[in-house]
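# Overview (structure and organization)
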Amino acid sequence: VTFAAGILFIWSCGFFQDSAKPTIRTYDGQWQSIRVNNAIVEFIIEHGYGYPVEGVEMTSHEMQTAMETGEINLNMEMWQQSRFDWYKEQLEKGTIINLGMSYEAGPQFFIIPKWVAEQYHIETVFDMVRHWRLFQDPRDTTKGIFYNCIIGWRCDEINQVKLEAYGLTRYYNIFSPGSSTAMEAVFEDASLNRQPVFGYFWAPTALMGKYDWHILKEPPYTDQCWQKISAATKDRNLRPIDQACAYENLPIEKVVHKSLLKNAQDVVAMLEKMVVGLEPLNKTLAWAKENDPDGDEAFFYYLKNYEDRWKRWVTPKAY
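Here is a short report on the structure shown in this document. (Residues numbered from 1 in each chain as written. Predicted model: local features only at pLDDT ≥ 70, side-chain atom pairs only at ≥ 80, totals over all residues. Heavy atoms only, no water.)

### Observations regarding the packing of helix 12 (residues 278–291) against helix 13 (residues 298–305)
For clarity, the threshold we go by: For helices, the fitted line uses only the C-alpha atoms of the stretch in contact; every axis is such a line through C-alpha atoms, and the angle between N-to-C directions lies from 0 to 180 degrees. Strands are runs of DSSP state E lasting at least two residues, helices are runs of H or I lasting at least four, and both sets are numbered from the N terminus onward. Note on angle classes: values under 35 degrees are labelled roughly parallel, values over 145 roughly antiparallel, values of 65 to 115 roughly perpendicular, and the remainder oblique. Here is the rule for handedness: rotate from the far helix to the near one, and if that takes an anticlockwise turn smaller than a right angle the crossing is left-handed, while a clockwise turn gives right-handed. Whether two residues are in contact is decided by their heavy atoms: any pair within 4.5 Å suffices. Residue classes follow a fixed rule: Ala, Val, Leu, Ile, Met, Phe, Trp, Tyr, Cys and Pro count as nonpolar, while Asp, Glu, Lys and Arg count as charged, and any other residue, Gly among them, counts as polar.
Put simply, helix 12 and helix 13 touch, their axes get as near as 9 Å, and they point 135° apart. Between helix 12 and helix 13, the angle falls in the class oblique. By crossing handedness, the relation of helix 12 to helix 13 is classed as right-handed. Contacts between helix 12 and helix 13 pair Pro280, Lys283, Thr284, Trp287 and Ala288 from the former with Ala298, Tyr301 and Tyr302 from the latter. Taken together, the residues of the contact of helix 12 with helix 13 break down into six nonpolar, one polar and one charged.

### Notes on the pattern of salt bridges
Which entries qualify depends on this criterion: Between Lys or Arg on one side and Asp or Glu on the other, a salt bridge is scored when a side-chain nitrogen of the former is within 4 Å of a carboxyl oxygen of the latter. Each residue is assigned to one of three classes by its accessible area relative to the maximum for its type, calculated with a 1.4 Å probe on protein chains only: buried under 20%, partly exposed between the two thresholds, exposed over 50%.
Following the criterion strictly, the structure yields 17 salt bridges and no others. The residue Glu188 makes a salt bridge to Lys289 at a minimum N-O spacing of 2.9 Å. Within this pair, whereas Glu188 is found in helix 7 (residues 180–192), its partner Lys289 is found in helix 12, the two being separated by 101 residues in sequence. Accessibility expressed as a relative area gives 28% for Lys289, which makes it partly exposed. Among the ionic contacts, a cluster of salt bridges with common partners joins Glu184, Glu188, Lys210, Lys289 and Glu290.

### Focus on the state of the cysteines
In plain terms, the rule: Sulfur atoms of two cysteines make up a disulfide when they are within 2.5 Å.
One pass over the structure, following the stated rule, counts two disulfides. The side chain of Cys149 participates in a disulfide bridge whose partner is Cys155; the two sulfur atoms lie 2.2 Å from each other. Its torsion about the S-S bond being 140°, the disulfide of Cys149 and Cys155 is classed as right-handed. Exposure class is identical for Cys149 and Cys155. Each is buried. A disulfide bridge connects Cys225 with Cys245, and the sulfur atoms are separated by 2.4 Å. Here Cys225 and Cys245 share a disulfide; its torsion about the S-S bond, -110°, makes the bridge left-handed. Here the residue Cys225 occupies a position in helix 9 (residues 223–234), and Cys245 occupies one in the loop between helix 9 and strand 11 (252–257), the gap between them amounting to 20 residues. Taking relative accessible area as the criterion, Cys225 reaches 1% and is therefore assigned buried. For Cys245, a relative accessible area of 1% corresponds to the buried category. Going through the protein in sequence order and numbering each bonded cysteine, the pairs you get are 1-2, 3-4.

### Observations regarding helix 7
What counts is decided by this rule: One fewer than the residue count of a helix, multiplied by 1.5 Å, yields its expected span. The directions considered for the arc are those from the helix axis to the C-beta atoms.
The terminal C-alpha atoms of helix 7, which comprises 13 residues, lie 18 Å apart, in line with the 18 Å expected from a rise of 1.5 Å per residue. Within helix 7, burial applies to Ser180, Met183, Glu184, Phe187, Glu188 and Ala190. Viewed end-on, helix 7 has its buried residues packed into an arc of 165°, placing them on one side of the element. Within helix 7, the exposed residues directed more than 90 degrees away from the buried face are Thr181 and Leu192. Looking one or two residues beyond helix 7, the residue adopting positive phi is Arg194, at roughly 50°.

### Regarding the pairing of strand 1 (residues 24–28)
In plain terms, the rule: Here, any two strands with at least 2 DSSP bridges between them count as paired. Call a crossover right-handed when, viewed with both strands pointing away from you, the route from the first strand across the helix to the second goes clockwise.
Of all five residues that make up strand 1, four are buried, and the element is covered over most of its length. Two strands pair when backbone bridges link them, and strand 1 and strand 2 (residues 53–57) are joined in this way by five bridges, in the parallel orientation. Counterpart to Asp28 in the pairing with strand 2 is Glu57. A crossover links strand 1 with its parallel partner strand 2, the connecting element being helix 2 (residues 32–49), and its sense is right-handed.

### Section: the environment of Ile45
Along the polypeptide, Ile45 turns up in helix 2. For Ile45, a relative accessible area of 0% corresponds to the buried category. Each C-alpha atom of the pair Ile45 and Ala298 lies 17 Å from the other, and the pair is 253 residues apart in sequence. Beyond its immediate stretch of four places on either side in the chain, Ile45 contacts Ile24, Gly50, Tyr51, Val53, Leu74, Val267 and Met270.

### Observations regarding the packing of helix 6 (residues 154–165) against helix 9
Closest axis-to-axis distance for the helix 6/helix 9 pair is 9 Å, and the angle between their directions is 110°. The angle between helix 6 and helix 9 falls in the class roughly perpendicular. In this structure, the crossing between helix 6 and helix 9 has a hand that is right-handed. Contacts from Arg154, Glu157, Ile158, Val161 and Lys162 of helix 6 reach helix 9 at Trp226, Ile229, Ser230, Ala232, Thr233 and Lys234. Looking at the contact of helix 6 with helix 9, its residues break down into five nonpolar, two polar and four charged.

Here it is, written out as structure tokens:
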């Protein structure tokens, strides 16, 4: 039918599933790259190693609790900067184990269309103060609108603290979409209709590769600055803080609950070798945007085009 059939054939000879093996549950944070990463690893775990797998949709806050209890066994994309205190505490307790990078640094930033930046000479977040009318909120024409990350993501709170520190909440309302699909649709529609739009986004995503964006300059990241931001997300009495800064670009890592080291040692060994890679993931997401709107075959595209990568992760018996 499609190249998916070919990949299934490759794995079919080694396919087995042992009902005695525990189900491995992956965290689905409901954004594009984690869903592709999950689909890749779930296919390999199920078809190559014989474990039942289950993806579980939840918010990032729910994920933290679920990884502490072992309800979730695997998070393929730990954006540690967004929950650094929790991440550090759980590593020290030994509740979660870091199995290394999924892909190179995943940047997070504030963006506007490149043509808007060029036409109105906008470079920094502070320039946005005098240009709020370009980004007028249709429900409140006295302010502009900033499209935040989705409700339930840690960056939702972080961005609110940052915008306050930059003095932008005086000029912009903050709107947090209810899903990553709704969030992407805002930027997609603005791009297709050549309309100004201002908000938070990240990479790797198909949207960042498909359209031209200007990443607004912010004060550079420092540990001291980020500690202030983090503290203010937990204690509203500290807000507004007197300074903010850009997100730090950190590798996106794989973490597992400690129980997986005992219950699925062969899977852990595979995960330690597994590096999906930022550029391959970008290309897979871009392909899916044009050819696989439902997202059912993106991981087949990856397996077909990056066989040299995944064959280094798995045992000969698994393929």
